[in-house]
Amino acid sequence: PPGRVFSQAPLELGLLRQLDLELQVNLAQLSGDRTELRDVQLIARIASGRLNLKVLGAVMPAGGRIDGSLALDSTPAQPQWTLALRLTQVPVQALLSARAAPLVDAPADLRLALRSRGQAPAEIAAHLGGEVRLLLGKGQARLKDVDALVGGLSTLSGQLLSNAGGDALLNCALAQFSVQEGTLKTDALLIDSAVSTLRGDGTIDLGAEQFDLTFEPRPKTATLTLAVPVHVRGSLRNPRFEPDQLGSAKKLVGVVGLFVYPPAAVAALGDLGSSDNACVRILHGGAAGEPPGGTLDQAQEGAESTTRKLGSGLRKLLGD
């Protein structure tokens, strides 16, 4: 239906119950619009309504690697799905068509371990379980272009920019979600740029197709005046980005303090990324680096000045 992401039309899986197949393909080189893979091994087996598909050892010239597997049992009334995917140092732009300008240019590490049941995409999304882990390294984000696709994103992305330009130099981004019955719950969600670190908390409900996230900023510079919490709500197709103006005065006090994460979130990193990633250091209780153009004390003074200005403006707005 209009406005939904996941179709409610059942997938046609009857062919799996009529087909027996064993296939192995080895490719020395596979070239796409902007992606080149080498030493690709594909193994597929279909028997008695069950599909097992594996992609092994696909590597990129620069060193990125892709491994994954998909298992589907179509025999129950609710087909059973299992997906495992592992991307290691894969450039984000390599995953896009050449006709789509890369909105983020950075190396990505991704781990998916998901399971579900159902025959329609909407049903599969609503029963999803497992975990999602994503880590981006140093790169660049074309936030102006992203805002054109997702209206209102500038409310959030402005806190990552040092000027009015449309690009942000990202130090890193990290996302860890636990997934249960279609709801992604944040274990760790960080975006770090030269001027600010954003921490996210909340949920994404794939069944209801709704966002409920809050991003809290930690400015690194005294000039960042948009340092207010931002709520992301609404549907997956039409999210709303709402600044928390009334809560900003309290939030800005002590803004240069570190985020604290529970040990379980840190341990869940496993082999994802490397210790020199800025977000990994933050997750372990470290800092992402000295802010450019001033010390932490100067950033604190600037943040307190911004708090006073916000307080004064709010008093005028609310009639003192």
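Section: the state of the cysteines
Tallied over the entire structure, the rule returns one disulfide. At a sulfur-sulfur separation of 2.0 Å, the disulfide partner of Cys-172 is Cys-279. As the torsion about the S-S bond is roughly 85 degrees, the Cys-172-Cys-279 disulfide counts as right-handed. Of this pair, Cys-172 sits in strand S10 (residues 167-180) while Cys-279 is found in helix H6 (residues 278-283), placing the two residues 107 residues apart along the sequence. Residue classification places Cys-172 among the buried residues on the basis of a relative accessible area of 0%.

Digging into the nonpolar core
In this structure, Ile-66, Leu-156, Leu-160, Ile-191 and Phe-215 are the most contacted members of the largest nonpolar core, which totals 39 residues. No other element matches S10, which puts six residues into this core. For Ile-191, the contacting residues outside a window of four places in its chain are Leu-160, Leu-170, Cys-172, Ala-173, Ser-196, Thr-197, Leu-198 and Phe-215. Judged by nonpolar contacts, the second largest core, of ten residues, contains Cys-172, Ala-278, Ile-282 and Leu-283.

Description of unusual backbone geometry
Non-glycine residue Gln-89 carries a positive phi angle of around 50 degrees. Counting through the fold element by element, Gln-89 comes out in strand S5 (residues 80-91). Of note in the backbone geometry, Glu-209 takes a positive phi value of approximately 55 degrees without being a glycine. Position of Glu-209 relative to the elements: it lies in the loop between strand S12 (196-205) and strand S13 (210-219).

So, the environment of Lys-54
Along the chain, Lys-54 turns up in strand S3 (residues 50-59). You can call Lys-54 partly exposed: its relative accessible area is 44%. Considered as a pair, Lys-54 and Leu-70 are 16 residues apart in the sequence and their alpha carbons are 6.5 Å apart. The residues contacting Lys-54, other than those within four sequence positions of it, are Gln-41, Leu-42, Ile-43, Gly-68 and Ser-69.

A short note on the pattern of salt bridges
Within this structure, the stated rule accounts for twelve salt bridges. Note that Glu-242 and Arg-240 form a salt bridge whose closest N and O atoms lie 3.0 Å from each other. Among the residues examined, Arg-240 registers a relative accessible area of 42% and is labelled partly exposed. Overlapping salt bridges bring together Asp-212, Arg-233, Arg-240 and Glu-242 as one network.

As for the layout of surface pockets
Its volume calculated, the largest pocket comes out at about 1600 Å³. Residue lining of the largest pocket: 46 residues in total, with Leu-134, Ala-175, Leu-189, Ile-191 and Phe-211 positioned closest to the centre. Counting residues per element, the lining of the largest pocket draws most heavily on S10, at five residues. For the lining of the largest pocket, a count of residues per class yields 45 nonpolar, one polar and no charged.

Reading the values: rules and limits
Residues numbered from 1 in each chain as written. Predicted model: local features only at pLDDT ≥ 70, side-chain atom pairs only at ≥ 80, totals over all residues. Heavy atoms only, no water. Disulfide = S-S within 2.5 Å. Helix = DSSP H or I, 4+ residues; strand = E, 2+ residues; numbered from the N terminus. Buried < 20%, exposed > 50% of the residue type's maximum accessible area, 1.4 Å probe, protein only. Core = buried A, V, L, I, M, F, W, Y, C linked by side-chain atoms within 4.5 Å. Contact = heavy atoms within 4.5 Å. Salt bridge = Lys/Arg side-chain N within 4 Å of Asp/Glu carboxyl O. 1 Å grid on protein atoms, 1.4 Å probe; cavity = no way out; pocket = protein on both sides within 12 Å on 5 of 7 lines; lining within 4 Å. Points joined across faces, edges and corners; volume = space filled by probe spheres on them. Nonpolar A, V, L, I, M, F, W, Y, C, P; charged D, E, K, R; others polar.

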